[in-house]
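Geometric and topological summary
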Amino acid sequence: MRGEEEEASLAGLTIRTSSSQTSSSSKKGKDLETNNASDSSPFSSPSLVSPASSAFVSALQSPYISPRATTQPTITTTSTTHNQPSPLLSYKSSEDVPSSSYTPPSDEFSDDPSDRKLKLSSACTPDPAPPRISFSFPVPRVSLAKVSVSSPATNTKLRSSDVYIGFHGQNPNLVRFCKWLKSELELQGIACFVADRAKYSDTQSHEIADRVICSVTYGIVVVSCSSLLNYLSLEEVRFFAQKKNLIPIFYGTGPSEIMSLLNCNAIDKECKEAIDGLIKCHEFKLEANESNWRSCVGKTASILRAKLGRKSVVDKEIVDGIDELPFPRNRSFLGREKEIIEMEMALFGNGEYLESTAPSSKGEASGQSEGLADEESDVVSNRNGKFISLELGKCSETRTEAWSDPNGGKNSLKRLLKTKKYRSSSNCKGSTSVVCVNGVPGIGKTELALEFAYRYSQRYKMVLWVGGEARYFRQNLLNLSFSLGLDVSADAEKDRGRLRSFDEQEFEAFKRIKRELFRDMPYLLIIDNLEIEKDWWEGKDLNDLIPRNTGGTHVLITTRLPKVMTFDTVQLSVLPLSDAMVLLRGRRKKDYPAEEFEILKLFEEKLGRLSYGLWVIGSLLSELAIPPSALFEAVNKIQVEERSASPFVNLNDEQYCKANPFIAKVLAFSLAVLEQAEGNRNLLSLKMLLVGAWFAPVPISVNLLAAAAKNMPTGGNRFSKWNKCLSHTFAWCGGCGLGRRSEEDAAFLLVRLGLARITNRQPGCWIQFHPITQTFARRRDYILAPKATVQGVRKIDNPLLNLDHLWASAFLVFGFKSEPPLVQLQAMDMVLYIKRTALPLAITAFTTFSRCNSALELLKVCTNVLEEVEKSFVSQIQDWRQGSLCWKKKTNKKVDEYVWQDVTLLKALLLETRAKLLLRGGHFDSGEELCRTCISIRTVMLGHNHELTLSAQETLAKLVRMRSKI
C-alpha cells in the first residue's frame, strides 16, 4: 500500500518499501557514489553478467518491475533505518540499467558495524511502476579461509559461486546431505556456497554470505522442520522466491506439512510469504528423505546443469563389468533386525532427534572453498541484534536461541514446531564412521553387510565392496580406482619431475584413493572377510589404509577376528530357532508333519544354527524333494575320511573343518549328489566346484570356470563306496531336473544346492563360491584341480577383471613367502605360463596400479624358475649326448632345442623388463647389471644387429646416462 511502510529487520538486512522518496543525502553517500562510478572492481563476481559500460554487477532482479521497464538516466536509491541515517546511493545508467547495485568496498573499513551490513531498500520512482529492490554493502577485503576473522591484512578475492545452498538445523545428517549436495554439484563444475547463516557470529561473515546470495544464479534452500523457526532461512526463501530463482528441497518434510501451517494463526506475515514462495517454486518436487538421498542429489544436479547450460560432465571412466554390489539382494533374508538397527545407530546416530531452533556450537556452514571458518563459536552482541561468533577456537557460553525477535512474532510458531519430532538417525555424540561385524564362519556376516548396503544405499554416493582376504586385500583396494575413476598408475618417465622410489609411488597410489574416498562425498566401503589387521605383502598397519577421519564415508568390516583395532564391534549370535526353521524348510517353504519337524530340529542342533549350513540343508530339501528324515539318514551314513592337510589351506580353515564334522558330511553328501545326478557323463558341475576352490574368493566367469573344469581329467567314481547306501536317497531325485549339462546350467546347479551364489558382474554369467565351500573342496582335491585351474587361467581375455584370479594362479605356481609352490609345470608349460600370464600380470600391476615391489618380486621369481628350467634342460641335452644310441632314436632333439631357445630368450626378456622397471625407481646399478646380461644372451642367440639386441642396448644407454646425471 502506498503511504504505508513495511519493514522486516533481519540480521542486518533491512527491507523497506516507502511511498515517498528521501530527498536528503549525506557526504558518505557521495563518497560511495564516487566509488561506484569506477569501471571495474576486484571483487566483482565472474558469475554475474552486466553490460560492459555498466559500473556495477547485476545481482538482483526485482519481480515487481519488468526487466524492460524504462529507467531514468540517474536513479537514486535510499536506504534508511529508524536509528541512524543511511547513505544516499546513486549511479549513472547505461542503456540496460541493472535493477540492483553491487557496491565495491571503500578504501578503508568503517568502525561502525552498521556500515558493513547488507541493506535492502526500495523506493518508488516518479512513475507508477513498482519499486526496485537494491542491495548495497561495502565489500570486506578479507577472505575467511581458515584465518581469524579479525585479520584485515589478507587481501584475497572471494571465489564466485553459481549456486547458494542454505540450510538450518543441528541434525548432522542434514549437514551431511548438504555437504554431499555441494560436492556433487562441484563435481559437475558448478561452484557452490553452502551455509547455515545462523551459525555466523560476526558482521563480516554475514557480509560474505550476503554478497554470495546477491551474486549467485540460483539459490537452493534445504527446508527442514527447523527452517521455519529461523528468520535467516525465511529471508533466503523470500529473497530467492522474489528473484524467481529459488529451488527448494524439502528435507524430512513435505509441501503438505508446510501448507498446513498457513492455517495457523501463530505465524506472521514473513513466514506466510516464505511458505507461499516455497509452494510456488516447488515445480521440481525435490523432497529428500533417508530413502532417496542419492536420487534427490542426482536430480538436483541434473536440474541445475540444465538451467546453467552446462554440458553433462562425462562420468569418470569405469571398467565395464564393475558393479556397485557384488551380489543381488537376498530375498530370503530374515532376522538380524537388532543388529541392523545397532549398525544404523552406530553410523548415523540413535533414535528420535528433536530439532530445536538453537544452533550447535560447531559451524557446519561451509567448506574450505567458501572462505568461512567452521570452528567453535560464541555469542557476540551487536547494536542491531545478535550473531554467532566465528572466532576460531573459542566457545565462551552455551546458547539456546539463535536469534532474538524484539516483537516476539514467531514464539508461538516455535512452540508449534517444537512439538513435532523429526525422525532422524543422527546424534553426533554417539555416531562413528567404522563398524566391525564379527562372528564365526558361516554365521551370516556377509549376508548382513549385503542387506545393510541395499537398505541404506540411498544414503551414499556409492557402495564399494572390497574382499578382505589377506593376499588379495591390497589389490582389491587398488581396484577401487576403477569405481572412483582414478589414475593410480606408476610414474611415466616423461611425466616425472624427479625420480621417486617405489615406496613413494605406491604410497602416492593409495593416497589418491584415500583422498577421493575419505572426503565430504559419502561412500559406504564394505571390507568383507578381513583376515588380518596388517597388510600381507608389506606388514603395514590397517590404520595406514583407513584414517581416523573418514569424512563422509562409512566403513563396514566383516571379520572372524574378535577385535579389529579400536573400531566399534557388532557381535553376531546364532539365529533364533524360528528363523532357523524357516531356512531349513528351503525356498519352497514346505510344511512337514510333526515327526519330520523334529528331524529339522536335529539338523538345527547339529549345525549350531549357522546360516550357511541351514541354507545348504534347505536347498537340498528343496531340490531333491526328499523328506528330512531320509536326508538326515543319508548324511549320517557319510564317512568323512581323514586326509593329510593341504599345504594351501590355512590352519584356521583346517581347525574349522575338524570342529564342524557334520557340515563336512553335508558338503560331502552334496558332492555325491552332483556325481550321482550327472551319472557317467562329464561331471561338469562337480569339476567346476573342485577347480573353483582354487580360484580367488571373488566372482568367477562361468566360461572361465568351465574351461578350467574341462582341463581336469575324469577319474573313477570317487563316491562309489557311498552309492549303495545312498541309492534309496537318490531314487527321490528322478524328476528333480538335476541332469542338465550346459555350462550355465551346471553353474546354476551349484547355486541351487547352496554351494555358490549368482553375482551381478557383467557381461555373461558369474558366480562366487562360499569360503566354507572352497575350504572343503580344497581338502578334497589339491593335486589335479589346482593344475587345471592354472591351465584354465590362460583363457582369461580381460586381465583387469580377473587380476585376483591371475594372482591366485601365480601363488599356485610359484608360491610366495613361506608357502611352497603347489603346481609343478613341465618346461614348455612353464614357458607358456610365464609368457602369457605372469609377465603381463607383473607389467599390469606395476604400470596400472603402482604395485612396484610386488611386480618386481614376481618377475624375479619367474627369472629364477626359468634359470632352473634352463639348467634342467641343459642337463637333459647332456644326458642325450652321453646316452645310448637306442635312447637317442627315441628322443626328439630338434624340439628340445627350440624349447631351450624359447626359455633363454624369455629369460632375456624378463631381464630387460626388470631393468626398465628399475629405471623408473632410480635403481640404476641393478638395472644396468640385468641389462648387460640380457644383451649378452641376445648377442649370442640373435646377433649384434638384431632389433631386440639393439633395443636392450638403448635401455642400457639410458641407464648409464641417468646414473651419470645423478
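Residues numbered from 1 in each chain as written. Predicted model: local features only at pLDDT ≥ 70, side-chain atom pairs only at ≥ 80, totals over all residues. Heavy atoms only, no water.

In terms of burial, strand β14 (residues 434–438) is a largely internal element, five of the five residues being buried. Neither face of β14 is exposed, since V434, C436 and N438 on one face and V435 and V437 on the opposite face are all buried. Relative to strand β18 (residues 568–571), β14 runs parallel, the two being bridged by four bridges. Looking at β18, one finds that V437 is bridged to V570. (Buried < 20%, exposed > 50% of the residue type's maximum accessible area, 1.4 Å probe, protein only. Helix = DSSP H or I, 4+ residues; strand = E, 2+ residues; numbered from the N terminus. Pairing = 2+ DSSP bridges.)

As a packed pair, helix α14 (residues 577–584) and helix α15 (residues 594–607) sit with axes 10 Å apart at the nearest point and diverge in direction by 105°. Comparing the axis directions of α14 and α15 gives the class roughly perpendicular. Taken together, the residues of α15 that come into contact with α14 (itself represented by L577, A580, M581 and L584) are F597, L600, K601, F603 and E604. Broken down by class, the residue content of the contact of α14 with α15 amounts to seven nonpolar, no polar and two charged. (Axes fitted to C-alpha atoms, helices over the stretch in contact; angles between N-to-C directions. Parallel < 35°, antiparallel > 145°, perpendicular 65-115°, else oblique. Contact = heavy atoms within 4.5 Å. Nonpolar A, V, L, I, M, F, W, Y, C, P; charged D, E, K, R; others polar.)

Relative to the helices and strands, K182 resides in helix α2 (residues 172–187). Taking relative accessible area as the criterion, K182 reaches 9% and is therefore assigned buried. C-alpha separation for the pair K182 and Y164, spaced 18 residues apart in sequence, amounts to 9.3 Å.

Turning next to the pattern of salt bridges. Scanning the entire structure with this criterion turns up 36 salt bridges. Note that R238 is salt-bridged to E273, the shortest N-O span being 3.2 Å. Here the residue R238 occupies a position in helix α4 (residues 231–243), and E273 occupies one in helix α6 (residues 269–280), the gap between them amounting to 35 residues. Residue K916 pairs with E912 through a salt bridge whose shortest N-O separation is 3.7 Å. Placement of the pair is K916 and E912 together in helix α30 (residues 893–920), with a separation of four residues, close to one helical turn. Residues participating in the shared-partner salt-bridge network are R197, D210, E235 and E236. (Salt bridge = Lys/Arg side-chain N within 4 Å of Asp/Glu carboxyl O.)

On to empty space enclosed by the protein. Any space left empty among the atoms is revealed by the rolling of a water-sized probe across them. This structure, assessed with the given rule, holds 14 cavities of 30 Å³ or more. Roughly 80 Å³ of volume is contained in the second largest cavity. Along its surface, the second largest cavity is lined by L477, L480, F510, I513, K514, L517, F518, L525, L545 and I546. If one sorts the elements of the lining of the second largest cavity by residue count, helix α13 (residues 502–517) sits on top with four residues. (1 Å grid on protein atoms, 1.4 Å probe; cavity = no way out; pocket = protein on both sides within 12 Å on 5 of 7 lines; lining within 4 Å. Points joined across faces, edges and corners; volume = space filled by probe spheres on them.)

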